[in-house]
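# Reading the structure
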Amino acid sequence: IVTDNLVLEINSSKHAWNTTLCEVNQCVLESVLTLNLDLDLPAAKLLAHVKNNIGKFKGLLDKYSKSKSGEDYYLSAIPDLVKRYPPFMDTMAKILHLLYDADILGESSILSWSSKLQDMTLKKKLKAFLDWLEEDDDESSEEESDSD
C-alpha cells in the first residue's frame, strides 16, 4: 500500500468536502481499525485483526498523528467509536496500547485526553492501561531527575 497515494486521496476529499482535519483524523482512525472487521469475532481475534490493520496502515496513521493535535484528534474519536462498535469497548485499552507501542499515540496525549474523558464506562475499561501509563510516566520522571 502506497501511503502517499492514500494521503493524496484523503486530502483531496478533505478539500472537496470542506471537512476539518479533526474529522479527517477521526475517519482515518475508524477506517483503519474497522477495515474488513467482523464484529462477531471473539475479542482475541478481533484484537489480532486490528493489530494487523494497524501494522498494514502504520504509515498512514503516522502521517496524521505527527503533531500533538493529530494525536488528540485520533483520541477524540474513541468514545464515538466504542458506541458505534460495541465490541471495541472491552478491547479499547489493548487497542490504545497497540497504538502507543506503534508510536502513533504518545503517553502525554493519552493521559491528557483521559483526564477529560466523560464516558465513565470507557474510563473504567481503560483504567489498568492508564494506571500503567502513569506508572511508566512516573518512572521516567524519576530516572530523569536521578540523572540530573
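Look up: the structure comes first, before these words.
Basis of the calculations
Residues numbered from 1 in each chain as written. Predicted model: local features only at pLDDT ≥ 70, side-chain atom pairs only at ≥ 80, totals over all residues. Heavy atoms only, no water. Helix = DSSP H or I, 4+ residues; strand = E, 2+ residues; numbered from the N terminus. Buried < 20%, exposed > 50% of the residue type's maximum accessible area, 1.4 Å probe, protein only. Expected span 1.5 Å × (residues − 1). Contact = heavy atoms within 4.5 Å.

## Structural notes on unusual backbone geometry
Here the phi dihedral of Asn 18 falls at roughly 55 degrees; this positive angle occurs in a residue that is not glycine. Secondary-structure assignment places Asn 18 in the loop between helix H1 (3–17) and helix H2 (21–34). Even without glycine at this site, Asn 36 takes up a positive phi of about 55 degrees. Topologically, Asn 36 is positioned in the loop between H2 and helix H3 (43–56). Residue Asn 36 is classed as exposed on the basis of its relative accessible area of 66%.

## Remarks on H2
Counting along an α-helix, one turn takes 3.6 residues, and residues three or four places apart therefore face a common direction. With 14 residues, H2 should reach 20 Å at 1.5 Å per residue; the first-to-last C-alpha distance of 20 Å fits that figure. The complete set of buried residues in H2 reads Val 24, Asn 25, Val 28, Leu 29, Glu 30, Val 32, Leu 33 and Thr 34. On its buried side, H2 packs onto H1, H3, helix H4 (58–63), helix H5 (68–76), helix H6 (78–84) and helix H7 (87–101). Directly beyond the C-terminal end of H2, a positive phi value near 55 degrees is found at Asn 36.

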